[in-house]
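# Structural overview for review
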There are 2 protein chains.
Amino acid sequence: MAFLDLLSSRIVVAPMAGGPSTPELVIAASRAGALGFLAAGYKTAASMMAEVEAVRAAAVEMFGVNVFVPGVPCSEAEDLVQYLKSVGADPENGTWDDDDFVGKVTALLADPPPLVSFTFGCPEAAVISALRDAGASVLVTVTSPAEALVAAHAGADALCVQGFEAGAHRGTFVNADAFGQDYGLLSLIGVVGSVTALPLIAAGGIMTAGQVQAAVAAGAIAAQCGTAFLRCPESGTHPRHKAALADPRYTTTTLTRAFSGRPARALVNQFVFDHPDAPAAYPEINNATRALRAAAAARGDSERMSLWAGQGFRSATDLPAAEVVSLLTARA
Amino acid sequence: MAFLDLLSSRIVVAPMAGGPSTPELVIAASRAGALGFLAAGYKTAASMMAEVEAVRAAAVEMFGVNVFVPGVPCSEAEDLVQYLKSVGADPENGTWDDDDFVGKVTALLADPPPLVSFTFGCPEAAVISALRDAGASVLVTVTSPAEALVAAHAGADALCVQGFEAGAHRGTFVNADAFGQDYGLLSLIGVVGSVTALPLIAAGGIMTAGQVQAAVAAGAIAAQCGTAFLRCPESGTHPRHKAALADPRYTTTTLTRAFSGRPARALVNQFVFDHPDAPAAYPEINNATRALRAAAAARGDSERMSLWAGQGFRSATDLPAAEVVSLLTARA
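Parameters and conventions
- Residues numbered from 1 in each chain as written.
- Chains lettered and ligands numbered in written order.
- Predicted model: local features only at pLDDT ≥ 70, side-chain atom pairs only at ≥ 80, totals over all residues.
- Contact = placed C-beta atoms within 7 Å.
- Helix = DSSP H or I, 4+ residues; strand = E, 2+ residues; numbered from the N terminus.
- Least-squares fit on C-alpha atoms with pLDDT ≥ 70 in both.
- Core = buried A, V, L, I, M, F, W, Y, C linked by C-beta atoms within 7 Å.
- Buried ≥ 20, exposed ≤ 12 C-beta atoms within 10 Å, placed from the backbone.
- Pairing = 2+ DSSP bridges.
- Axes fitted to C-alpha atoms, helices over the stretch in contact; angles between N-to-C directions.
- Expected span 1.5 Å × (residues − 1).
- Bend = angle between axes of the 7 residues up to and from the residue.

### Notes on the interface of chain A and chain B
Taken residue by residue, the interface counts 33 residues in chain A and 33 residues in chain B. No other element matches the 7 residues that helix 9 (residues 209-218) of chain A contributes to the side of chain A that touches chain B.

### Considering the relation of the copies chain A and chain B
Once chain A has been moved 0.0 Å along the axis and rotated by 180 degrees, it coincides with chain B to within an RMSD of 0.0 Å. The transformation just described matches what one would write down for a two-fold rotation axis. Across chain A, the smallest distance between a C-alpha and the rotation axis is recorded for Ala214 of chain A, namely 1.9 Å. Interface residue correspondence from chain A to chain B reaches 100%, placing this contact among same-surface, isologous pairings.

### Points about the nonpolar core
Counting 228 residues, the largest nonpolar core has Leu159, Ile189 and Ala202 of chain A together with Leu159, Ile189 and Ala202 of chain B as its most contacted members. Once residues lying within four places of it in the same chain are set aside, the contact partners of Ile189 of chain B are Val161, Leu200, Ala202, Ala215, Ala218, Gly219 and Ala220 of chain B.

### Let's talk about the sheet that holds strand 5 (residues 137-142) of chain B
Residues and elements named next belong to chain B. The sheet built from 8 strands closes into a barrel, its strands ordered 1-2-3-4-5-6-8-9 with parallel pairing. Each neighbouring strand pair of the sheet contributes to a mean axis angle of 25 degrees, computed without reference to strand direction. Most of the contacts of helix 8 (residues 185-193) go to strand 8 (residues 200-203), to which it runs at about 160 degrees, and overall it touches strand 5, strand 6 (158-162) and strand 8.

### Quick look at the environment of Ser9 of chain B
All names here are of chain B. Checked against the element boundaries, Ser9 lands in the loop between helix 1 (2-6) and strand 1 (11-13). For the pair Ser9 and Leu35, spaced 26 residues apart in the sequence, the C-alpha separation amounts to 8.4 Å. For Ser9, the residues in contact, after removing those within four places along its chain, are Gly33, Ala34, Val325 and Thr329.

### A look at unusual backbone geometry
Residues Tyr282 of chain A and Pro283 of chain A are joined by a peptide bond in cis, for which omega reads 5 degrees. Within the secondary structure, Pro283 of chain A sits in the loop between helix 11 (270-274) and helix 12 (284-298). One non-glycine residue with positive phi stands out, namely Ala59 of chain B, at about 65 degrees. Mapped onto the elements, Ala59 of chain B comes out in the loop between helix 3 (45-57) and strand 3 (63-68). A positive phi angle, near 80 degrees, is found at Phe120 of chain B, a position not held by glycine. Mapping Phe120 of chain B onto the fold places it in the loop between strand 4 (115-119) and helix 6 (125-134).

### A few points about the sheet that holds strand 11 (residues 264-267) of chain A
All names here are of chain A. Strand order in the open sheet formed by 3 strands is 7-11-10, and the pairing between neighbours is antiparallel. What marks the edges here is a single partner per strand, and that holds for strand 7 (168-169) and strand 10 (253-256). Direction of pairing for strand 10 relative to strand 11: antiparallel, over a ladder of 4 bridges. From the neighbouring strand, Leu255 faces strand 11, where its bridge partner is Arg265.

### A closer look at helix 12 of chain A
Side chains that are three or four residues apart share a direction in an α-helix, a result of its 3.6 residues per turn. Residue and element names in this part refer to chain A. Its 15 residues give helix 12 an end-to-end C-alpha distance of 22 Å, which sits within 8% of 21 Å, the value for a rise of 1.5 Å per residue. The axis of helix 12 is deflected most strongly, by about 40 degrees, at Arg290. Every buried residue of helix 12 is listed here: Glu284, Ile285, Asn286, Asn287, Ala288, Thr289, Leu292, Arg293 and Ala296. Here the buried face of helix 12 lies against helix 4 (77-87). Positive backbone phi, at 75 degrees, marks Gly300, one or two positions downstream of helix 12.

Encoded structure:
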């Protein structure tokens, strides 16, 4: 794939939906020799394409767009309503949606960016082949060997392997609630590499040049970093979220479904602590808690915001993205 | 430390209590240029010293002995009894013990091996300094930055950093039941390296030469591998356990307290599946289920044995230990 040759720095700036990923971040990453991703999640297809245009207008040739693959509605309506009431969210807002998956794929087919990556699922083979015929390379995010086999079988060009250490939502889509879906990145590169020869982009907790080199030594072609860029001036991360990442009050992360109904790694704050038993109901819980989270952000209450962070978050700096790329690619 | 210079292969064969670690495995590892550890856990001090003598008799100069640090008795007696009854174990056997910690330390002080490592806790500074005065270097197993600080403050010479991917018992001893004690190895090397300059030996899911190089690239001085050696002819692993590691019926691992009352990574079998809610009560549950596990092993029932395994278990081979060392140190 062309993008592999162009990926001289071996650094991919992860798509971070909900604010952090901006055209400015993608542009800055590109100018620094890294590969940036726009995050289509939670946006309309039109907003997504406007961001694609903004990136193209800056003469960035190589970049990607990440799209969420919809799941199925929560079948445990009672659990869902009870949980939403317990956190003070309006159950009326606990609705399912598909994040306009078809609208986004249709728009990307009509005017394809160089790369399209998928998260939360694997599109049907026909979608992947149509995107490739239209000129895009297709990546699928996986968290286990089983998911890697699904993605390889569907025709993915490459895989993003997301380790357990990664910040924000886990991409898990096969046996999500079963035992054993908790691969650490180094193991994941190994076990996925033993079932497929597809190129692997490694994600999860990578914050230093040594860790980038480690991912490559283990068999990945590149490292995808998100948290490392969360505090950059080019990132649209909420200022309270940026501040929390450097706040000594927050010392650790955990996987939680409290905010969204889908496991995601966040700083442990009061909301996470208070709600360890959220049911599996994405995006219903995410939609229902949106107003709560926005209100908390507006009043500066970081104890009730979703403070996504990977395990190495304490190393995130507020330097410009180009300098972060430079740190991540420094020679030992 | 002298052992750092001698560790030319950068491979440490992990101590694996309960059978797998034998003097033969330590001797074979040493002859292949790796560093082996005897596992004192569950043994008497006299048995431990007999193994030390066996290794010395083979002219092995550099090796270590791993000792369990005792915790505190379970304070939830009712939960414990209820759990033991539910699995068919005799609650009378659910007793606490200290694995003869003082007896073992006393014996090692009197006749010290080159290295002593500790797991499940950090000994008092006086114990560490006494061992060092007697001529041993002291390692402490840690799973978080907080534990690394405790061990560094107590005077450890080096740390074994155990990632979430590792097979068998987690060494976690600070805030074991709190959120966020689930560091993947690559992240763990980073976060521990940012709070201490002590040499780090990386453990957890390392099965290939690429993963060894990755651990070193990330900042470790060596890789400690356990599961990679579990099937070796020199390992005392139960034959049914060896067979299960290669059995397609078993596809994944999980952390479980079902067998021992302390989180440990095992192949997901019926016993793990049936008992997801074991209380934190080590070694009480371990002692009480010993008869059940032995009976299951005797009748070849791998669904009720504790099949410890790291996340990369499927790559474990039945080659001699020297050949495994050779595979782990192969150039890319």
